[in-house]
Amino acid sequence: MTHPGAEEAREKLLVNLTPELRRDLRIRAAEYGLNMQDAAASSLNLWYDTPSVPDAEVRGAKSWGVYLPSGGPDRFARECEARRLTKVQGMAQAISVWLTAHPSPTERLVAQPVKRILVGNQKGGVGKTFVASGLAQAMAEMGLRVLLVDYDPQAHLTSRMQIPGLPEGGESLLTHMLGEATKHLARSLVALPHERFGGRLHVLPASKDAFLMDAKLALLQVGRDTCLARALAPLEDSYDVIVLDGPPNLGLAIDLAINYVQRRPGELIDHSGILIPVWSDRSSFDAYEMLHSQIQTHSKMTGAVVDELGFVVNAYDARKGVGTRSFYEGWNQLTVPGVLGTLKDAIEGREASDYQIPLLEHAPDSPQAQVMRSLAKELAA
Ligand SMILES: Nc1ncnc2c1ncn2[C@@H]1O[C@H](COP(=O)(O)OP(=O)(O)OP(=O)(O)O)[C@@H](O)[C@H]1O
Ligand SMILES: [Mg+2]
């Protein structure tokens, strides 16, 4: 498994951390234009220079790994011993002190471009559509204007929202990407009618010809890399967030989506990027290696910076055995991008899909809906 800074001399420190502190550190680091490893190292340095620090909350701490400059883990261990603290308490104190010393510069977020999130993983059936849809619903519920794009020719998202697919050759995303459309893409959008979304959640349905996307795009002579950005550009001012539900492959369409969610000039780290639903199993790790490598290759070849926003571990059930639990630990120990949420396999999710009702409408108080809300909160920050 790769990690940022692998080429530098860094050592891994494994220590439990609460999801709240991890999330705050990640967001604040992003707000300050730092990566999480550097923010953690800076937290420890600040803590070493602060003789007396109040106890921090450590209930609910989960395993977490962070790469520190060489010698960092040893120094941290010595300092905890000297202060007669557990490492969990020491790290919680260090991060709390750093967060206090680095208040959120929220005014910097105002001028950010529309947030663009690709929910992607070439592994099939891991919950991309479920997460993309739930996240978009939760974001609209919290007051954001959200465009949910069915970017998968299978049209699962479109059908689960009870929306008809766009006719072949009509005003679809594909015809706009190919430069063949004649009307504004806004005319193809469908607003979800449910009151809780306040008219703020719009869907761009899949079209019947989307299966031809890769083949048709391959024939585009000019402007292929930016054709998705060009097609969606006229809609961007009308939304706070654009969520793309990715297809289960690593074809050309995904490359274009990766390109679309790349960090724009002046855009903060983790403002846009890729959210990756995974399962707690080996094949999900293998799939992630491939996806990560595709993102890296894309960045290398185009110069684009693409943020991996985090994992959502889906359909997790600790009772499935020690393997499942240890892969779950494995995901949690990856500091970057890190696990942003864990969804159990629950009946509400299946029912919402089968009955074609948005999850937050079908089961607004379910644990799954709550996970979607906390995901939305974290990603919207
Ligand atoms: N946590 C969950 N609890 C219950 N049902 C779930 C959960 N996650 C996904 N599902 C259901 O499992 C099925 C597969 O999920 P989904 O369609 O979201 O996967 P996907 O990654 O989008 O698949 P594909 O690769 O085909 O696009 C769907 O019926 C979905 O509603
Ligand atoms: Mg899907």
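Residues numbered from 1 in each chain as written. Chains lettered and ligands numbered in written order. Predicted model: local features only at pLDDT ≥ 70, side-chain atom pairs only at ≥ 80, totals over all residues.

With that settled, consider the pairing of strand 7 (residues 241–245). For strand 7, a buried count of 5 out of 5 residues is recorded, marking the element as mostly surrounded by other parts of the structure. Side chains Val241, Val243 and Asp245 of strand 7 all project onto a buried face; the interleaved residues Ile242 and Leu244 project onto the opposite face, where all are buried too. When strand 3 (residues 115–119) meets strand 7, the two strands line up parallel, connected through 5 bridges. Note on strand 7: the bridge partner recorded for lysine 115 is valine 241. (Buried ≥ 20, exposed ≤ 12 C-beta atoms within 10 Å, placed from the backbone. Helix = DSSP H or I, 4+ residues; strand = E, 2+ residues; numbered from the N terminus. Pairing = 2+ DSSP bridges.)

Further remarks concern the site of ligand 1. The immediate surroundings of ligand 1 are formed by 19 residues, with Thr129, Phe130, Pro248, Gly349 and Ser353 found nearest. Elements supplying a minimum of two residues to the shell around ligand 1: helix 5 (128–141) and helix 13 (347–355). For the shell around ligand 1, the per-class residue count stands at 6 nonpolar, 9 polar and 4 charged. (Near = placed C-beta within 6 Å. Nonpolar A, V, L, I, M, F, W, Y, C, P; charged D, E, K, R; others polar.)

We now examine helix 15 (residues 367–380). Here helix 15 is 14 residues long and its end C-alpha atoms lie 20 Å apart, about the 20 Å a rise of 1.5 Å per residue gives. Within helix 15, burial applies to Gln368, Ala369, Val371, Met372, Arg373, Leu375, Ala376 and Leu379. Check the buried side of helix 15 and you find it contacts strand 3, helix 5, strand 9 (308–313), strand 10 (339–342), helix 13 and helix 14 (359–362). (Expected span 1.5 Å × (residues − 1). Contact = placed C-beta atoms within 7 Å.)

Let us look at the packing of helix 1 (residues 19–31) against helix 4 (residues 87–101). Packing of helix 1 against helix 4 brings their axes to within 10 Å, and their N-to-C directions diverge by 40°. By the angle class used here, helix 1 and helix 4 are oblique. Here helix 1 runs over helix 4; the crossing is left-handed. Each of Leu21, Asp24, Leu25 and Arg28 in helix 1 lies in contact with helix 4, whose residues at this interface are Ala92, Ile95 and Leu99. In terms of residue class, the contact of helix 1 with helix 4 is made up of 5 nonpolar, no polar and 2 charged. (Axes fitted to C-alpha atoms, helices over the stretch in contact; angles between N-to-C directions. Parallel < 35°, antiparallel > 145°, perpendicular 65-115°, else oblique. Left-handed = near helix turned anticlockwise from the far one by under 90°.)

Our focus in this paragraph is the sheet that holds strand 3. Across the sheet, which stays open at both edges, the 8 strands sit in the order 5-6-4-7-3-8-9-10 with mixed pairing between neighbours. Looking at strand neighbours, the two that pair on one side only are strand 5 (190–191) and strand 10, the edges of this open sheet. Bridge count for strand 3 against strand 8 (residues 273–278) is 3 bridges, and the pairing is parallel. Bridge assignment links isoleucine 117 to a residue of strand 8, and that residue is glycine 273. Of the strands in this sheet, strand 8 and strand 9 are in contact with helix 11 (residues 282–302), which crosses strand 8 at around 165°.

Caution applies to low-pLDDT parts of the model: their predicted coordinates are not meant to be read in detail. Per-residue confidence for the chain averages 91 on the pLDDT scale, and 97% of its residues sit at or above 70. Here residues 1–7 is modelled with pLDDT under 50, and outside its nearest four sequence neighbours on either side it reaches 10 contacts, counting other chains as well. (pLDDT = per-residue confidence, 0-100.)

Further remarks concern the domain arrangement of the chain. What the domain assignment reports for the chain is domain 1 (10–106) and domain 2 (112–380). Taken together, the 15 residues of domain 1 in the interface contact 11 residues of domain 2. Elements supplying a minimum of two residues to the side of domain 1 that touches domain 2: helix 1, helix 2 (36–48) and strand 2 (62–69). Among the residues making up the side of domain 1 that touches domain 2, the classes are represented as 5 nonpolar, 5 polar and 5 charged. (Domains from an automatic or database assignment.)

Further remarks concern the nonpolar core. Ranked by size, the top nonpolar core spans 78 residues in total, and within it Leu135, Leu148, Val243 and Ala257 carry the most contacts. Sorting elements by how many residues they give to this core places helix 5 first, with 8 residues. Leu25, Ala29, Val66 and Tyr67 belong to the second-largest nonpolar core, a separate cluster that totals 25 residues. (Core = buried A, V, L, I, M, F, W, Y, C linked by C-beta atoms within 7 Å.)

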